[in-house]
Amino acid sequence: MAEHAFGGIKIRELYKIFGPNAAAHIESVKNGLTKTELNEKHGHVLGLRDINIEIPSGRIQVIMGLSGSGKSTLIRHINRLIDPTSGEVLVDGVDVVKMSETDLREFRRQQTAMVFQKFALLPHRNVLDNTVFGLEVQGLPQSVRADTAMRWLEQVGLKGFEQKYPNQLSGGMQQRVGLARALANDAPVLLMDEAYSALDPLIRSDMQTILLDLQKEIKKTIVFITHDLDEALRLGDQIAILRDGEVIQQGTSQDIVLRPADDYVANFVKDVNRGRVVHVEAVMQPLAGHAAPSGPTIAAGTTIEEAVRLLVSGPEKDVTVVDPTGKPLGVVTLRQLAGAIVSAHGTTSPSAAAPAMAG
Amino acid sequence: MDWFYKFPHMNDDALRSLKKAIDEGFRAFTRSYGDTIEFLFSPLQHFLIAADRFMTQTPWPIIILLIAAIAWAATRNLRIVGGCFVTLLLIGYFDMWDDTMRTIAMIFVCTVLSIAIGIPIGILMSRSNRVQRVINPILDVMQTMPSFVYLIPVVMLLGIGKVPGLIAVVIYAIPPMIRLTDLGIRLVDRDVLEAADAFGASGKQKLFKVQLPLALPTIMAGINQTIMMALAMVVIASMIGVQGLGQPVLKAIANQYFTLGMFNGLAIVGIAIIFDRVSQAYGKRLQKHREIVHG
Ligand SMILES: Nc1ncnc2c1ncn2[C@@H]1O[C@H](COP(=O)(O)OP(=O)(O)OP(=O)(O)O)[C@@H](O)[C@H]1O
Ligand SMILES: [Mg+2]
């Protein structure tokens, strides 16, 4: 679609106050007025406070947080379904906040597509006509629309259902229509607000697989909201954790699981199956010198569980962890790996957490 | 203590001259603008006459077939089509065919007019709470004001005839059209509207691709009610010269012809039921997509 490389999304010093007189309180909020104080003294709700997130092109940014933490508010700023009280939202270098009505409409048509928690399909249109909606709004000719829509319906596994109405479909299928509708737009940014939260675990896992498989080809910049940590860890190249409208930690899944910023995050990650998340680098013995790898090697970025599987089927020996260029980084033993799995805050055994990640 | 038992009303003379002043003002208005207003309404007159002529001059078997065909197209229900057929045959057999056709023509024009005026007003109302606050009381007045009362100014302006009758009927019958259009649009799911916004739909695209289609079942209910109210108004409208089933009823009241009144009354009921069943079944068919819920 875009002739030039897409520039990613940058959110800078974004504040949102809900209420009739939001602008009047922005200064005091910037000077440290808390959410509770703002609500009690002025009857305004602090939606977001000083959000700074950079999302490189082609990555999946997950935003996590409990209910009411401001996730939906944040994602709606990216296509300006909600106007910020102050701050910048740069999408491909252009500030969405400053766009005129017409520019914004054009931006939404060409640059973003959205998938909703409650699907938000048009009940009076069949699957095919729902899928073409974005293209229709863009004013593309009928034949192009139908072809594109059919292609995406096939991609999400809905071939043969084109003529069905949304309420003839299961939740998982409806959400696949939602996904096809968004993908048909071929916009560089894909916004997914708890797109999978209404689905049961097995279908959810299927949908995650569909998304990850598709992402290998389409390379969209995806903002994905969830309050499920397993989902976040599985999908997210980067994860940001929100609480009461503030980002309290951002980083990769490794950062979040291994170095939770505070108790709130630690509480989030305590039940996670570390064996499937933590990479071998985190437990290996770093190499002091530059000794050549002797014996079996394992790639950096392998999860502990995967490494254990490789080790138990191989010879009883230390294994060298190597980076993609083959440079050795450290050594790891079966004992260390096993230790890392059970030391997971001593709370949950891996097998108990396993079903959540099934599929 | 006189004021306690008898309401201290406005001075008789003052009241009389107030009424007189208003009456005279209106009369003066009628004298100077009556012709212009009549001219403005002449397209309506042509429309009415054309509809009337079509219904009364087309041979009856063709009309029956036409109505049955419309009923079939709208409902796909053989029982309803059969019901229409039998009702029309009975009406014809009891020699009320011409009056019934005139009434149907009148109702048809009223309904078209109510839709053409009511839906845009309903849309405006749904878009702004302020407009809603202004229009709602007007609709209340239109619905509760005894219809005889607004016949007076209409007759003063336009005289006796079809067009004033039409206007009176439309005033009486249009409020549900407006209200239900407004309601239908306001009831459209916010999530779906947000999705339309997120895909960059313009206001017009949202209206025609999302709001109106989703409000359609409610709007259909409005059309149904409008038709029913128009039929109820037909007898009153016949007092100012609207031809059709209302006139024999009036005659029956004046002369105490019980059977004449009864037959024509039943004919009105008959076509009311036809209109009602057909429009309701059509409305239901429109929302078929809502019925089949995934189990
Ligand atoms: N239009 C609004 N007016 C006032 N307050 C609002 C509005 N929208 C959201 N809020 C408040 O902003 C906060 C964040 O809401 P938001 O919907 O973004 O949460 P969320 O993280 O998406 O929660 P959930 O997981 O339940 O979807 C909440 O306290 C909510 O009450
Ligand atoms: Mg939300």
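This one's a predicted model, so the numbers in the text were calculated from it and none came from an experiment. (Residues numbered from 1 in each chain as written. Chains lettered and ligands numbered in written order. Predicted model: local features only at pLDDT ≥ 70, side-chain atom pairs only at ≥ 80, totals over all residues. Heavy atoms only, no water.)

**Student:** Is there a simple way to explain the pattern of salt bridges in this structure?
**Tutor:** When charged atoms on two side chains of opposite charge get close, those side chains can pair. Scanning the model with the defined rule gives 27 salt bridges over all chains in all. Here A:Glu136 makes a salt bridge to B:Lys209, at a shortest N to O gap of 2.7 Å. Remark: B:Lys209 occurs in helix H11 (residues 203–238) and A:Glu136 occurs in helix H6 (residues 133–138); the pair is interchain, linking two chains. The pair formed by A:Glu136 and B:Lys209 is uniform in burial state, with each residue classed as buried. (Salt bridge = Lys/Arg side-chain N within 4 Å of Asp/Glu carboxyl O. Helix = DSSP H or I, 4+ residues; strand = E, 2+ residues; numbered from the N terminus. Buried < 20%, exposed > 50% of the residue type's maximum accessible area, 1.4 Å probe, protein only.)

**Student:** Looking at this model, I keep getting lost on the site of ligand 1. Mind explaining?
**Tutor:** Residue and element names in this part refer to chain A. Close to ligand 1 lie 13 residues, the nearest being Ser 67, Gly 68, Lys 71, Ser 72 and Thr 73. The backbone of Gly 68 places a nitrogen or oxygen atom 2.8 Å from an oxygen atom of ligand 1. Note that an oxygen atom of ligand 1 is positioned 3.2 Å from one of the backbone N or O atoms of Ser 69. For ligand 1, whose accessible area on its own is 630 Å², the fraction buried by protein is 61%. Its residues assigned to classes, the shell around ligand 1 shows three nonpolar, seven polar and three charged. (Near = heavy atom within 4 Å. Polar contact = N/O pair within 3.5 Å; in protein donor to acceptor, adjacent residues only side chain to side chain. Areas by Shrake-Rupley, 256 points an atom, 1.4 Å probe, with all protein chains shown as cover. Nonpolar A, V, L, I, M, F, W, Y, C, P; charged D, E, K, R; others polar.)

**Student:** I'm lost on the interface of chain B and chain A in this one. Help?
**Tutor:** Often, the extent of an interface is quoted as the loss of accessible area on bringing the components together. Contacts between the two partners involve 22 residues from chain B, matched on the other side by 29 residues from chain A. Connecting chain B to chain A are three salt bridges. With its nearest N and O atoms 2.5 Å apart, the salt bridge here joins B:Glu194 to A:Arg76. Put simply, chain B and chain A have seven residue pairs in polar contact (both at pLDDT 80 or more) between them. Among the elements that line the side of chain B that touches chain A, the one with the most residues is helix H10 (residues 190–198) of chain B, at seven residues. Classifying every residue of the side of chain B that touches chain A gives 11 nonpolar, five polar and six charged. (Contact = heavy atoms within 4.5 Å.)

**Student:** When you look at the packing of aromatic side chains in this model, what are you seeing that I'm missing?
**Tutor:** How two aromatic rings sit relative to each other is given by the distance of their centres and the angle of their planes. Counting across every chain of the model gives 10 aromatic pairs over all chains. An angle of 85 degrees between the planes, with centres 5.5 Å apart, marks the rings of A:Tyr264 and A:Phe268 as edge-to-face. One end of the pair, A:Tyr264, and the other, A:Phe268, are both in helix H12 (residues 263–269), four residues apart, so they sit about a helical turn from each other. In terms of burial, A:Tyr264 and A:Phe268 fall into one category: buried. One aromatic cluster is present, formed by B:Trp3, B:Phe4 and B:Tyr5 through successive ring pairs. Its end group placed over the ring of A:Tyr264, A:Arg243 keeps NZ or CZ at 4.7 Å from the ring centre. (Phe/Tyr/Trp six-rings, centres within 6.5 Å; stacked < 30°, edge-to-face > 60°. Lys NZ or Arg CZ within 6 Å of the ring centre and 35° of its normal.)

**Student:** Help me out: how do you make sense of the state of the cysteines in this one?
**Tutor:** Disulfides are covalent bonds that connect the sulfur atoms of two cysteines. According to the stated counting rule, one finds zero disulfides over all chains in the structure shown. In this structure B:Cys84 is not part of a disulfide, and its nearest cysteine sulfur, from B:Cys110, lies 20 Å away. (Disulfide = S-S within 2.5 Å.)

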